[in-house]
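# Structure at a glance
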Amino acid sequence: GMPADEVTVIPVKAKTGRRTIKKRGQHQGFATVAEAAKFGKAATPQFAVLNYDVEKRGGYLPVTNELLEDSDNNIAAVVQEWLADESRVTGNKGILAAVRTKAAQDLKDLDGILAAWVRLGSTFRATSKLYTNDDGLLWLGTLKDANGRYLLTPNPADAKELRLCVGPHTLPVK
């Protein structure tokens, strides 16, 4: 599943409402200013309004006192893990539903992956990651450059993190 830290969650108190959010990708940097000169006006942030309607979700798992008393396992821990899994699956289903509203990109080969990634533009490319299942990971793991070096390699800073390295491009793979 997709880790929760890959999605920004904005806590709200009301069931419905709107939030003002800052648009991404507007930074232009500061202008050079000579000593004792006046500072020029910096570009101001642009904002958008995001309307929301929170959906309530839930469920329960009936557990009898006899099961709690007679069990040699820690049933409370099992129930807590079950609830956490249900919450994770619910979140992932919502994320995938939002992804499906976007136009599909053909990622059948390495050229397709790179084209889709580059089309994200510099605003999103630096923070983008490629999520794949086991079949995709196996396929990516077979790709080699002209010298026979694998294109999917561990990140030297974190050996548990894989990345797809093609020319000057490095795309984290999850």
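Residues numbered from 1 in each chain as written. Predicted model: local features only at pLDDT ≥ 70, side-chain atom pairs only at ≥ 80, totals over all residues. Heavy atoms only, no water.

### Some details on the overall build of the protein chain
Within the protein chain one finds 5 helices and 5 strands. Along its sequence from the N terminus, the protein chain presents helices and strands in the succession β-β-α-α-α-α-α-β-β-β. Buried residues in the protein chain amount to 13% of all 174 residues. Considering only intrachain contacts with a sequence separation of at least 6, the fraction spanning at least 24 residues in the protein chain is 52%. As presented, the protein chain carries roughly 14,400 Å² of accessible surface, and 55% of it is formed by carbon and sulfur atoms. A distance of 15 Å separates the average location of the 24 positive side-chain charges in the protein chain from that of its 20 negative side-chain charges. (Helix = DSSP H or I, 4+ residues; strand = E, 2+ residues; numbered from the N terminus. Buried < 20%, exposed > 50% of the residue type's maximum accessible area, 1.4 Å probe, protein only. Contact = heavy atoms within 4.5 Å. Areas by Shrake-Rupley, 256 points an atom, 1.4 Å probe, with all protein chains shown as cover. Lys, Arg positive; Asp, Glu negative; His and termini not counted. Charge placed at Lys NZ, Arg CZ, Asp CG, Glu CD.)

### Some details on the pattern of salt bridges
Where charged atoms from two side chains of opposite charge come close, those side chains can pair. Applying the stated rule across the entire model yields 4 salt bridges. Between Lys-15 and Asp-53 there is a salt bridge, with its nearest N and O atoms 2.7 Å apart. Linking Lys-15 in the segment before β1 (16–22) with Asp-53 in strand β2 (residues 47–53), this pair joins segments that are 38 residues apart in sequence. Each member of the pair, Lys-15 as well as Asp-53, carries the same accessibility label: exposed. (Salt bridge = Lys/Arg side-chain N within 4 Å of Asp/Glu carboxyl O.)

### A few points about the pairing of strand β3 (residues 152–155)
As judged from the 4 bridges shared by β3 and strand β4 (residues 158–166), these two strands associate in the antiparallel manner. For Thr-153, the partnering residue across the bridge sits in β4 and is Arg-163. Taking the residues that link successive antiparallel strands as the turn, the β3-β4 hairpin has 2 residues. (Pairing = 2+ DSSP bridges.)

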